[in-house]
Amino acid sequence: MDQVYNEPTLNVSMKYPAGWTYIDQNVNKKLDGVTFWSTIGNYSPPPYINLEVKDKDLFDANRYKYNIKTGRYTIFYNDPEEMENQVSQIFYIRTNSDEDFSLKLIMKGEEEFKSFQPVFFGMLKSFKFGKGLF
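Nothing here was measured: the structure is a model prediction, and the numbers come from that model.

A. Representation of the nonpolar core. Membership of the largest hydrophobic core comes to 29 residues, with the highest contact counts inside it found for V12, F36, I49, F101 and F127. Contributions of two or more residues to this core are made by β2 (12-16), β4 (30-38), β5 (48-54), β7 (73-77), β9 (86-95), β10 (100-108) and α1 (110-126). Per element, the largest residue contribution to this core is five residues, and it comes from α1. Beyond its immediate chain neighbours, meaning those up to four positions away, V12 contacts Y5, N6, E7, L31, L51, F101, F127, K128 and F129.

B. Broad picture of the side chain of T74. Secondary-structure assignment places T74 in strand β7. Classification of T74 by relative accessible area gives buried; the value is 14%. Aside from chain neighbours lying at most four places away, what touches T74 is N67, I68, K69, Y92, I93 and R94.

C. Summary view of unusual backbone geometry. Even without being a glycine, N11 presents a positive backbone phi close to 55°. With respect to the helices, strands and loops of the structure, N11 is situated in the loop between β1 (3-7) and β2.

D. Examining α1 more closely. The terminal C-alpha atoms of α1, which comprises 17 residues, lie 24 Å apart, in line with the 24 Å expected from a rise of 1.5 Å per residue. At Q117, α1 shows its maximal bend, which comes to roughly 45°, and the proline P118 appears one to four places after that position. Turning to α1, its buried residues number three or more, namely F113, F116, Q117, F120, M123, L124 and S126.

E. Quick peek at the pairing of β7. For β7, the tally of buried residues reaches five of five residues, placing the bulk of the element in the interior. Of the two faces of β7, the one lined by Y73, I75 and Y77 and the one lined by T74 and F76 are each fully buried. The hairpin formed by strand β6 (residues 66-69) and β7 contains three residues between the paired strands. Bridging between β7 and β9 involves five bridges; their strand directions are antiparallel.

F. Inspection of the packing of aromatic side chains at higher detail. One pass over the full model with this rule turns up 22 aromatic pairs. Pairing F91 with F120 gives two aromatic rings, centres 5.6 Å apart and planes at 50°, and the pair type is tilted. Here F120 lies in helix α1 and F91 lies in strand β9, a separation of 29 residues in the sequence. Judged by relative accessible area, which is 0%, F120 ranks as buried. For R72, the ring lying beneath its charged end belongs to F129, and the centroid distance is 4.8 Å.

The rules we used
- Residues numbered from 1 in each chain as written.
- Predicted model: local features only at pLDDT ≥ 70, side-chain atom pairs only at ≥ 80, totals over all residues.
- Heavy atoms only, no water.
- Core = buried A, V, L, I, M, F, W, Y, C linked by side-chain atoms within 4.5 Å.
- Buried < 20%, exposed > 50% of the residue type's maximum accessible area, 1.4 Å probe, protein only.
- Helix = DSSP H or I, 4+ residues; strand = E, 2+ residues; numbered from the N terminus.
- Contact = heavy atoms within 4.5 Å.
- Expected span 1.5 Å × (residues − 1).
- Bend = angle between axes of the 7 residues up to and from the residue.
- Pairing = 2+ DSSP bridges.
- Phe/Tyr/Trp six-rings, centres within 6.5 Å; stacked < 30°, edge-to-face > 60°.
- Lys NZ or Arg CZ within 6 Å of the ring centre and 35° of its normal.

Spatial relationships are all this shows, so hold off on functional conclusions.
So this is what it looks like as structure tokens:
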């Protein structure tokens, strides 16, 4: 992970791979979502990763099979889903702040998806938001 995405309105940051690019969507001068994709690489079509700001009031923990608690948030997720050879997996990041987030990987082919998961998990682990401790 050689690049870092930074967004000032919600103080979001996340590492992403070299050779990737992104486009972020702002609504009312505030982050709404970001889509990352590879401009180089071994995958055709490239994987897409979408970070989205979520409405906390619409969250339902019963929709998720697994969860992981971290120091600052809880991640809810299900097993990857495949439809017409396109595999996707969503990780819902439940925070104690005003916003929740989701991170979604979309990719063609199950083997390609599995081979790319370590990169995706690295991005998820690097995700930060809100004010720091200092």
